[in-house]
Amino acid sequence: MLVVIAAAYVQPIRTYRAARAEVELRRSQVAALEREKRALAARLAVARTDAFVEREARRLGLVRPGEHLFVVSGVRE
């Protein structure tokens, strides 16, 4: 009789342990996603500054009105 009762508890215990492992996995994934979100928010804050926009525009070869773009080619370092 004791063996039958013990056997009846095996499957629920396995299910409980599997569920706990799944919860821990999901918690670690959530923590990683929260860290990634904070890093992306920081990058976005930097990208919204005027200095960043100007630096990227100049990297693309854009100039302000009234400025002249000079391209120097054939320079060896």
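Quick look at the structure, then.

Some words on the overall build of the protein
Part 1: Each helix and strand counted, the protein has 2 helices and 0 strands in total.
Part 2: By the compact-globule yardstick of 11 Å for 77 residues, the protein is too spread out, its C-alpha radius of gyration being 30 Å.
Part 3: If you line up the protein on its principal axes, its C-alpha atoms span 95 × 30 × 15 Å.
Part 4: When the accessible area of the protein is evaluated, it comes to approximately 7,700 Å², of which 62% is carbon and sulfur surface.
Part 5: Measuring between centres, the 15 positive side-chain charges of the protein sit 9 Å from its 9 negative side-chain charges.

Points about the pattern of salt bridges
Part 1: Going through the model one piece at a time under the given rule, you end up with 6 salt bridges.
Part 2: Put simply, Arg-27 and Glu-24 hold a salt bridge, and the shortest N to O gap is 3.2 Å. Taken as a pair, Arg-27 and Glu-24 lie in helix 1 (residues 2-47) at a separation of 3 residues, close to a single helical turn.
Part 3: By relative accessible area, which is 47% here, Glu-24 ends up partly exposed.
Part 4: Between Arg-59 and Glu-56 there is a salt bridge whose closest N-O contact spans 2.9 Å. Placement of both Arg-59 and Glu-56 in helix 2 (residues 50-59) is noted, with a separation of 3 residues, approximately one turn of the helix.
Part 5: Given a relative accessible area of 60%, Arg-59 falls into the exposed group.
Part 6: Residue class for Glu-56 comes out partly exposed when judged on its relative accessible area of 23%.
Part 7: Each of Glu-54, Arg-58, Arg-64 and Glu-67 takes part in a single network of salt bridges with overlapping partners.

Structural notes on the environment of Leu-40
Part 1: The residue Leu-40 is located in helix 1 in this model.
Part 2: For the pair Leu-40 and Val-63, spaced 23 residues apart in sequence, the C-alpha separation works out to 28 Å.

Cut-off values and rules
- Residues numbered from 1 in each chain as written.
- Predicted model: local features only at pLDDT ≥ 70, side-chain atom pairs only at ≥ 80, totals over all residues.
- Heavy atoms only, no water.
- Helix = DSSP H or I, 4+ residues; strand = E, 2+ residues; numbered from the N terminus.
- Rg over C-alpha atoms; globule rule 2.2 N^0.38 Å.
- Areas by Shrake-Rupley, 256 points an atom, 1.4 Å probe, with all protein chains shown as cover.
- Lys, Arg positive; Asp, Glu negative; His and termini not counted.
- Charge placed at Lys NZ, Arg CZ, Asp CG, Glu CD.
- Salt bridge = Lys/Arg side-chain N within 4 Å of Asp/Glu carboxyl O.
- Buried < 20%, exposed > 50% of the residue type's maximum accessible area, 1.4 Å probe, protein only.

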